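The chain contents come next:
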Amino acid sequence: MKVVVPAMPTTLDWSHSDPESWANYPVMLATQRGLTQLGSDHSVQPGLAERWERSRDADGREVYVFHLRQDVHWSDGSLLTARDFVVGWRRSLRGRERGEMADLEGASEALALQERLAPEAEVRAALERVGVEAVDAHTLKVTLAHPRSYFLARVANVYIFYPAPAADLEGRSDEAVRDYFDRPRDGRPLALGPYRVESWDRAGERVRLVHNPRSAFPVPLDPGETPVPVITLMKSEIGPALYERGRVDFVFVDSAAALRVRRPDDLQREPLLSTYYLAFNTETPPLDRPEVRRALSRALDREALMAGLLPAARPSHVLLPPELPGAATAEEATRLPHYEPERARAELAGLAGLDRPLRLIYRAGDNFVPEVAIAERVVAQLAKVGVQVVLEARSDFTAEVSRRTAQGPRAYDLYLRRLGGDYAHPNTFFTLFEREGNHQTGWETQGGGEPMRRFEQLLESADAESDEARARASYVQAQEVLIGEQAVIAPLYHPDRYFRARDSLSGLDVDPFNFLALRTLRQAAPAAKQAEGTP
Amino acid sequence: MNAIPPRARFGFVLLVGLGLLSLVAGRLFPDWLASSCPLGVDPTRPDRTVCELAFGGLWVSLAVGLVAGALSTLIGLVVAAVARLAGGPLEQVVLRAVDAVFALPDVLVVMVLQLAGQSLSDAGLGGGLGPFGLMVVSLSLVGWAGPARMFRNRLATLEGQEFVAAARALGGGGLHVLRVHLWPALRPFALAVFLSRLPTAILTESTVSFFGIARMEPMSLGRYLGTSYAALIYEGGGRVVLPAWALLVLLVLGASLASQALSASPRKAS
Amino acid sequence: MRTVLQRLARQLVLVPVVAVASYFLMAMLPLTTESETKRQVSPELAASYRRDLGIGEPLGFLRPWEKLFRGERLGTSAQGITGDELVRKLSGSVGVGLMALPLALAWALGFALLRTRWRKGRWAVLGDAVPAVAFGTPVFIPALLVAPAVVERGHLLPELCAALVTSLWPGIFLGTLVGDALETELSRDYVRTALGKGLAPGAVLRRHVLPNVMPALLDAVGPVATALLAGSFAAERVLGLPYFGQLYVLAVLNKQVAVVVVATTTFASLLVVVSLGIEAVRYWVDPRSREARA
């Protein structure tokens with residue numbers, strides 16, 4: 001079974017992770033599990049934990065006690081214990097996506113120490129105090145600094161919350177641990193899910209997964225179906241041609257060329273819980289004034305931006321996708337900046353500081369978001385309102401976006417980026433724009449930090465709110481601050497994903513979070529093999 | 001003019017024609033080109049037509065090739081002249097350095113130089129070189145070895161000839177001999193060397209761009225081929241790739257015909 | 001004997017030159033900076049850069065080699081390589097190169113013979129056009145044309161196709177050289193004498209002309225081998241072959257500088273081995289070279 005993926009994993013070390021984590025998700029989701037898992041309706045279901053209790057302690061902190069399933073084994077047969085979570089989460093707190101763990105009690109202290117390069121002993125001591133504790137082998141106590149209504153949904157999908165095989169890791173050096181994950185051999189790294197990584201050929205751009213018969217989460221089989229013994233994830237520039245010739249079994253159709261020429265019959269489209277947006281660097285003039293940013297947002301004709309690029313597109317000027325539970329209503333959406341060319345021109349007419357060309361950077365390379373075309377159209381549309389923009393495609397986009405320069409905090413004025421939901425909750429779209437988030441717009445400095453404080457308070461109350469309607473109202477207000485009042489970003493559209501898969505395979509799918517789902521992958525057994533297989 | 005063999009003349013006409021074409025079509029009248037392109041739009045950049053991108057790329061490629069070719073010929077000439085003038089151990093050292101640069105494939109060295117240059121310019125130490133300047137510099141740093149070796153051998157041959165020996169005997173210094181007696185004989189050869197560097201530079205640039213390592217902006221012919229080549233596997237994708245390919249082949253054909261014919265007939269020319 | 005040793009030394013000196021030059025080029029890159037916020041690469045990459053290149057240590061340039069021979073990994077855990085991986089990848093590329101070499105020689109002889117025939121007729125222009133088209137076609141274009149038909153087919157088919165597309169231009173290039181040499185030889189008196197004595201043209205070609213063309217062929221094999229190995233970079237990428245070229249391109253793209261140093265030097269050593277091999281063949285085949293050295 002061969003699957004063509006658009007990018008190789010950047011690491012197989014799920015605790016340490018990488019900011020480009022989307023490429024790692026298919027492997028992690030197939031091989032590992034979280035405390036909870038999401039049902040088909042995105043509701044929280046038991047995963048590695050069979051049940052849990054949720055309570056508040058005297059200080060207002062939220063305490064979860066998870067009771068782990070006792071029949072879960074790693075792929076070498078050893079038992080999953082609460083210790084595996086403690087070890088895994090402490091590593092995550094030192095990893096490259098440690099900001100994602102900030103909700104844990106004591107995490108912010110551990111993160112702050114690392115930010116200012118505190119001595120190793122201090123960081124270790126702080127990690128010991130973080131709110132994750134093995135009460136006994138099968139009971140895990142997790143303390144959050146503040147109540148978080150999304151926490152259970154989050155541990156299901158975000159893989160840095162998955163446990164790590166403590167018995168294998170403890171006593172190894174950091175480098176040896178990283179090798180343990182990134183250089184698979186002899187059945188390592190261990191897995192909990194229905195598949196396990198057998199090898200990773202970097203030069204060949206191939207990851208080989210094999211079936212893990214010991215998994216407590218077997219593939220659900222219908223009569224006449226078998227799990228796929230070997231899955232090869234591979235990268236190929238000519239994936240669609242290979243699919244056409246029957247040599248691979250799944251392919252993303254990301255190339256505009258492929259989608260334009262002839263639409264194949266088995267082409268499937270998955271609307272993503274995701275938003276593509278234009279972000280403003282709010283720290284350098286002229287974009288340090290919200291009215292300029294709002295006017296630029298009004299100058300963008302999203303319909304025209306997307307016209308003819310893809311078989312279908314969902315142009316949008318809001319951050320929360322309409323399918324997301326808790327998204328803004330149409331009436332609320334009209335209050336946010338949308339295409340009003342006359343108004344944009346009028347607002348920009350009297351403003352000084354716009355004679356300088358603005359620098360727009362975007363990710364170089366092919367992508368399922370037609371970035372080049374969108375970037376060029378943004379330039380053309382802004383030129384119509386008299387704003388000059390220069391384009392720069394960066395192959396080191398992530399590094400460039402976060403780079404600080406001697407002259408100013410950031411070396412660009414605008415950048416284009418896609419934000420994808422990690423779980424079906426409005427919170428996942430806002431965390432990026434919090435003070436600690438990797439939004440790289442500098443908007444925490446706007447208005448002396450007052451709008452950011454208001455934004456964070458709104459999120460805080462929404463996250464802690466158990467009543468859905470009130471939580472939704474707060475999230476909508478937060479969106480209003482971010483996109484309307486401050487116009488930190490200008491949302492452009494909600495991307496979709498196109499793919500093709502063989503009929504003989506079931507459970508092979510792309511989920512709305514844009515992850516290739518291999519967890520329930522099985523194949524209709526060929527008649528002859530089935531006969532041989534039965535004892 | 002009669003000294004130039006017909007094949008070289010054909011090559012020159014081809015080169016100049018392509019240069020004029022890209023200048024007129026890609027630079028002077030891009031709107032006319034965009035509106036009258038029979039090949040339609042490029043699928044990955046639906047606002048640009050294939051003709052615009054191909055002729056724009058031709059212009060950039062030609063510029064890269066000309067500048068890098070000229071620079072590497074110049075460096076080669078200087079290195080060869082210095083080596084011959086100094087003679088002795090220095091010449092041997094220079095020759096070994098030439099061997100070292102010459103032995104490695106251009107593509108590989110340009111990749112390494114691009115990595116170095118991009119890291120430097122990302123850190124703000126690039127000295128103001130954009131992708132274009134960076135590519136020209138890396139190509140000339142790679143390309144000087146071939147010309148240096150050719151010039152050195154040529155100089156050695158010329159110096160063995162009687163008129164040079166006579167000039168020396170009459171008390172002519174090294175520089176004087178080089179300037180007055182050797183250079184006129186070397187000039188057509190230098191042109192041939194330059195023309196032979198031209199296609200090599202363009203092709204190396206296109207291969208490195210194809211790997212996604214160079215970030216030429218606006219796109220060169222090579223980068224255009226490198227970013228749109230996947231269209232070949234789709235129905236009707238040939239219209240995107242083939243024009244750029246054809247332009248590349250014509251460019252190389254012109255340059256190599258001209259250089260071959262020139263270097264094959266040095267005696268007629270001098 | 002002395003000249004032979006001198007030639008050997010000239011070849012071999014290339015390896016340390018490339019090793020030192022690539023090391024210092026990589027070591028001067030500003031990939032590590034004091035402040036976290038100014039850094040452009042991931043912390044792992046910066047750490048591996050410092051560790052693998054032994055920055056700031058005496059004899060730091062030996063560090064990558066030390067690690068390589070100890071079997072330790074160079075580069076980051078996710079993208080780095082170890083010595084045995086490097087050797088495995090290199091042997092794959094050499095295998096493809098070895099397949100391509102006879103193909104290139106076949107192209108060369110075929111083209112040379114065709115060209116001498118064309119020279120007389122109205123196809124003469126092809127003698128110039130074919131090399132130009134072959135030269136002006138980057139390897140990735142023919143590779144791409146065959147790719148959908150062969151990728152993932154197994155049975156060494158992609159490897160064979162890679163050899164085929166990379167051998168095109170070097171073969172034609174070799175062909176023009178051999179063709180020129182052939183023409184010179186064919187116009188010589190001994191050929192006319194042999195033909196006049198009633199020998200079949202094929203026999204003349206085989207017994208008398210080709211041995212005299214061999215030295216010209218050998219002179220060109222060196223650059224051709226370089227071109228073959230370099231061309232295989234693009235072919236490997238398009239045809240999905242997990243060998244040295246892929247490893248190299250990915251190392252450059254991922255800024256695995258220690259891997260770049262080691263791989264560049266290894267590649268240079270390979271080229272030296274090839275040219276030493278050619279010297280040996282020349283010594284054995286060409287009596288003139290033996291006389292020249294004696």
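Note that the structure is predicted; figures quoted are calculated from it, not measured.

## Considerations on the overall build of chain C
Helices and strands together make up the secondary structure of chain C, namely 13 helices and zero strands. Overall, the C-alpha framework of chain C stretches about 80 × 55 × 30 Å when taken along its three principal axes. Of the contacts made within chain C by residues no fewer than 6 positions apart, 73% connect residues no fewer than 24 positions apart.

## A few points about the overall build of chain A
Scanning chain A from N- to C-terminus turns up 19 helices and 24 strands. Against the compact-globule benchmark of 24 Å for 535 residues, chain A has a radius of gyration of 24 Å, which places it among compact chains. With the C-alpha coordinates aligned to their principal axes, the bounding extent of chain A is approximately 80 × 60 × 45 Å. Considering only intrachain contacts with a sequence separation of at least 6, the fraction spanning at least 24 residues in chain A is 71%.

## Observations regarding the packing of helix α3 (residues 50-86) of chain B against helix α7 (residues 145-159) of chain B
Residue and element names in this part refer to chain B. Where α3 contacts α7, the axes come no closer than 7 Å and their chain directions differ by 40°. In terms of orientation, α3 and α7 fall into the oblique class. Where α3 crosses over α7, the two elements pack in a sense that is right-handed. Of α7, the residues touching α3 (which contributes Ser 72, Thr 73, Gly 76, Leu 77, Val 79, Ala 80, Ala 83 and Arg 84) are Gly 146, Pro 147, Ala 148, Phe 151, Arg 152 and Leu 155. Of the residues contributing to the contact of α3 with α7, the split by class is eight nonpolar, four polar and two charged.

## A few points about the packing of helix α7 (residues 140-150) of chain C against helix α10 (residues 201-239) of chain C
Residues and elements named next belong to chain C. At their nearest, the axes of α7 and α10 sit 9 Å apart, and the two run at 30° to each other. Our classification of the angle between α7 and α10 gives roughly parallel. Crossing geometry of α7 relative to α10 is assigned as right-handed. Along its contact with α7, which presents Phe 140, Ala 143, Leu 144, Ala 147 and Val 150, the element α10 presents Ala 234, Ala 235, Val 238 and Leu 239. Residues of the contact of α7 with α10, tallied by class, amount to nine nonpolar, no polar and no charged.

## Some details on the sheet that holds strand β1 (residues 2-4) of chain A
Residue and element names in this part refer to chain A. Taken in spatial order, the seven strands make up an open sheet running β8-β9-β11-β1-β12-β20-β13, and their pairing is mixed. Among the strands making up the open sheet, the edge pair consists of β8 (195-201) and β13 (268-271). On average, each strand axis in the sheet is tilted by 20° relative to the strand beside it, whichever way the strands run. Strand direction decides the pairing type here: β13 and strand β20 (residues 496-501), joined by four bridges, are antiparallel. Across the sheet, residue Arg 269 finds its bridge partner in β20, namely Tyr 498.

## Focus on the pairing of strand β6 (residues 132-136) of chain A
Bridge count between β6(A) and strand β7 (residues 139-144) of chain A: four bridges; the pairing is antiparallel. Note on β7(A): the bridge partner recorded for Asp136(A) is Thr139(A).

## With respect to the confidence of the model for chain C
Residue and element names in this part refer to chain C. Averaged over all residues, the pLDDT of chain C equals 81, while 93% of them reach at least 70. Mean pLDDT per element in chain C: helix α13 (residues 287-293) is the minimum at 59, and helix α11 (residues 244-253) is the maximum at 88. Two numbers describe this predicted complex: its pTM, 0.83, and its ipTM, 0.83.

## Points about unusual backbone geometry
Residue and element names in this part refer to chain A. For the peptide bond that leads from Arg 188 to Pro 189, omega is -10°, which places it in the cis range. If you trace the backbone, Pro 189 turns up in the loop between α7 (174-182) and β8. That bond from Pro 285 to Pro 286 is cis: its omega, 5°, falls within 30 degrees of zero. Its identity is not glycine, yet Leu 117 carries a phi of approximately 50°, on the positive side. As for its position among the elements, Leu 117 is in the loop between α3 (107-115) and α4 (120-128). The phi angle at Ala 487 is positive, at roughly 45°, despite the residue not being glycine. Within the fold, Ala 487 resides in the loop between α18 (468-485) and β19 (489-494). C-beta crowding within 10 Å serves as the criterion here: with 25 such atoms nearby, Ala 487 is assigned to the buried category.

## Regarding the environment of Glu52(B)
Residues and elements named next belong to chain B. As for its position among the elements, Glu 52 is in helix α3. On the basis of neighbour counts, which here come to 22 C-beta atoms within 10 Å, the residue Glu 52 falls in the buried class. When the C-alpha positions of Glu 52 and Phe 29 are compared, they lie 9.9 Å apart, and in sequence the two are 23 residues distant. Sequence-distant contacts of Glu 52, that is, excluding residues within four places in its chain, are made with Pro 30, Leu 33, Ala 34 and Cys 37.

## Side note on the sheet that holds strand β14 (residues 274-280) of chain A
All names here are of chain A. In space, the six strands of this open sheet follow the order β15-β19-β14-β18-β16-β17, with mixed pairing throughout. Looking at the sheet topology across the chains shown, the edges are occupied by β15 (314-315) and β17 (389-394). Relative to β17, strand β16 (residues 358-363) runs parallel, the two being bridged by six bridges. Residue pairing for β17: Ile 361 is matched across the bridge by Glu 392.

Calculation rules
Residues numbered from 1 in each chain as written. Chains lettered and ligands numbered in written order. Predicted model: local features only at pLDDT ≥ 70, side-chain atom pairs only at ≥ 80, totals over all residues. Helix = DSSP H or I, 4+ residues; strand = E, 2+ residues; numbered from the N terminus. Contact = placed C-beta atoms within 7 Å. Rg over C-alpha atoms; globule rule 2.2 N^0.38 Å. Axes fitted to C-alpha atoms, helices over the stretch in contact; angles between N-to-C directions. Parallel < 35°, antiparallel > 145°, perpendicular 65-115°, else oblique. Left-handed = near helix turned anticlockwise from the far one by under 90°. Nonpolar A, V, L, I, M, F, W, Y, C, P; charged D, E, K, R; others polar. Pairing = 2+ DSSP bridges. pLDDT = per-residue confidence, 0-100. Buried ≥ 20, exposed ≤ 12 C-beta atoms within 10 Å, placed from the backbone.

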